[in-house]
Amino acid sequence: MSALTPMVVTVPALMVGLTALIAGRVVDRVGRKRLLVGSLVVYAIAGTAPLYLPTLPLIVGSRVIVGLAEAAIMTCCTTMLADYFHGRQRERYFGYQVMATTIAATVLFGLGGALGAQHWRVPFVLYAVALVLAVLVAAFLWQPAHQVESTDHLVPIPWRRIIAPVLVTFLGGLVFYVLIVQLSYKLDSLGLSNPATIGMVSAIASLGTATGAFAFTRLAPRGPAVTVPLGFVLSGIGLVALGLSQALPLVIGSAVLTGLGNGLLLPALLTWALTPLTYEQRGRGTGLWTSASFLGNFASPIVVIALGAAFGGLGPAIAAIGALSLVVGVAVRLGRRSSSAGVAIDAAQAPGVTH
């Protein structure tokens, strides 16, 4: 049974990673709003189930359902943002989305910790909020225009245009999750195991992530060729410094810098992946992006453990992932630059172009 305990936390993320693409297909077939409302109801029912389920295997089963519902919710919400807004306004709202989720996660983690002091089951009552959200979605959101009437045929996804951002998103999800999962362990390795200290540093790091997401709303006009590499480079420098830091002030500064990069990274990657897609393709594209991001999240602790065994501890493992982030940032920058040059050459050589 002890092996099942960590799965209560990790199974939903794994299920999102495995099923978000399927959710994207459903989104493109049946529409956004209807699936979102239904998924919120299922999320609330399954999420609160540990309040009364008698055994750990049943609780893990309920968490599988939570992950399935979460995959649909995230895919629907991101797809609807892309439907409702366009151009620079869409990019701003992608940044606001990361800000909102970061702030909400910080508040809910704190509230969950306070409720957990009463009993380990009590924090699961927070999932009931999804019922309120389902009512609000039904009342105030609208099904975007241009809904596909036929469910027999789906417009093909332009794989050649989105495969690179999806693969890079997997690496981005891996990098993003290092700070979230490993910061408390890093502090503990330095002898800073006081819960108040860990909570304070985690909150400051979350503030850095929210600040990075807000900065994206200003930097978005520069395009993914700038914002994606910048996010990876900032996160990479922060993680290298975090891995090597041996004092609390340095850990805090490194965590904030990593958070800034993380806050830039997710909306930049999302913009890169979804920009080439039409309405009819967007649900599957969003699901694919979400799957890549969450599979990267799920792989992150596993990679850290493997690198720690190879390089001699948590600090070197974090620094190694930081170095990987720097390499990815440089590679994306060079790749985007060469891609832009190739497009320019093709345009110049096209028939009818005067020199």
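Residues numbered from 1 in each chain as written. Predicted model: local features only at pLDDT ≥ 70, side-chain atom pairs only at ≥ 80, totals over all residues. Heavy atoms only, no water.

*Asks:* I'd like a rundown of the overall build of the protein chain, residues and numbers included.
*Replies:* Broken down by element type, the protein chain carries 11 helices and zero strands. Reading the helices (α) and strands (β) of the protein chain from amino to carboxyl end gives α-α-α-α-α-α-α-α-α-α-α. Here the protein chain holds 355 residues, and 46% of them are scored as buried. Here the analysis covers contacts within the protein chain between residues at least 6 apart in sequence; of these, 84% occur between residues at least 24 apart. With an accessible surface of roughly 16,700 Å², the protein chain has 72% of that area assigned to carbon and sulfur atoms. (Helix = DSSP H or I, 4+ residues; strand = E, 2+ residues; numbered from the N terminus. Buried < 20%, exposed > 50% of the residue type's maximum accessible area, 1.4 Å probe, protein only. Contact = heavy atoms within 4.5 Å. Areas by Shrake-Rupley, 256 points an atom, 1.4 Å probe, with all protein chains shown as cover.)

*Asks:* Summarise the pattern of salt bridges; cite the residues concerned and give the values.
*Replies:* Throughout the structure, instances matching the rule amount to four salt bridges. Put simply, D28 and R284 hold a salt bridge, and the shortest N to O gap is 2.8 Å. Highlighted residues: D28 in helix α1 (residues 7-30) and R284 in helix α10 (residues 279-311), separated in sequence by 256 residues. Classification of D28 as buried rests on a relative accessible area of 4%. Residue R284 is classed as buried on the basis of its relative accessible area of 5%. Taking the shortest distance from any N to any O, the salt bridge between D83 and R32 comes out at 2.6 Å. Within this pair, whereas D83 is found in helix α3 (residues 56-84), its partner R32 is found in helix α2 (residues 32-48), the two being separated by 51 residues in sequence. R32 carries the same exposure label as D83, and that label is buried. Overlapping salt bridges bring together D28, R32, D83, R282 and R284 as one network. (Salt bridge = Lys/Arg side-chain N within 4 Å of Asp/Glu carboxyl O.)

*Asks:* Could you give an account of the packing of aromatic side chains, naming the residues involved and the relevant values?
*Replies:* All told, the structure shown has six aromatic pairs when counted by the stated rule. Ring plane angle 85 degrees and centroid distance 6.3 Å describe the contact between Y84 and F85, whose orientation is recorded as edge-to-face. Across the pair, exposure class does not vary: Y84 and F85 are buried alike. Ring centres of Y84 and W142 lie 4.2 Å apart, and the angle between their planes is 25 degrees; this geometry places the pair in the stacked category. Highlighted residues: Y84 in helix α3 and W142 in the loop between α5 (129-140) and α6 (159-189), separated in sequence by 58 residues. Here the basic side chain of R32 rests over the ring of Y279, its NZ or CZ set 4.0 Å away from the ring centre. (Phe/Tyr/Trp six-rings, centres within 6.5 Å; stacked < 30°, edge-to-face > 60°. Lys NZ or Arg CZ within 6 Å of the ring centre and 35° of its normal.)

*Asks:* Please provide a residue-by-residue account of a nonpolar patch on the surface, values included.
*Replies:* On the surface, a cluster of nonpolar side chains totalling about 520 Å² of accessible area is made up of V41, I45, L51, Y52, V125 and L131. Tracing the sequence through the fold places Y52 in the loop between α2 and α3. (Patch = residues over 30% accessible without salt bridge, like charges linked within 9 Å, V, L, I, M, F, W, Y side chains within 5 Å.)

*Asks:* Describe the side chain of Q97, naming the residues involved and giving the relevant values.
*Replies:* Considering the arrangement of structural elements, one finds Q97 in helix α4 (residues 87-116). A distance of 3.1 Å separates polar atoms of two side chains, one belonging to Q97 and the other to T78. Those residues in contact with Q97 that lie beyond four places of it in its chain are T78, L81 and L270. (Polar contact = N/O pair within 3.5 Å; in protein donor to acceptor, adjacent residues only side chain to side chain.)

*Asks:* Go over the confidence of the model for the protein chain with me, naming the residues and quoting the values.
*Replies:* For the protein chain, per-residue confidence averages 86 on the pLDDT scale, and 89% of positions sit at 70 or higher. A low-confidence stretch, residues 341-355 stays under pLDDT 50, and its non-local contacts, those more than four residues away or across chains, total three contacts. (pLDDT = per-residue confidence, 0-100.)

*Asks:* Lay out the nonpolar core in plain terms, naming residues and giving numbers.
*Replies:* It is characteristic of soluble globular proteins that their nonpolar side chains tend to be buried jointly. The biggest cluster of nonpolar side chains holds 68 residues, and the ones touching the most others in it are L183, F232 and L269. For this core, the element with the highest residue contribution is helix α9 (residues 248-274), accounting for 11 residues. The contacts of L183, once residues within four sequence positions are left out, are V178, V201, S202, A205, L242, V251 and A255. (Core = buried A, V, L, I, M, F, W, Y, C linked by side-chain atoms within 4.5 Å.)

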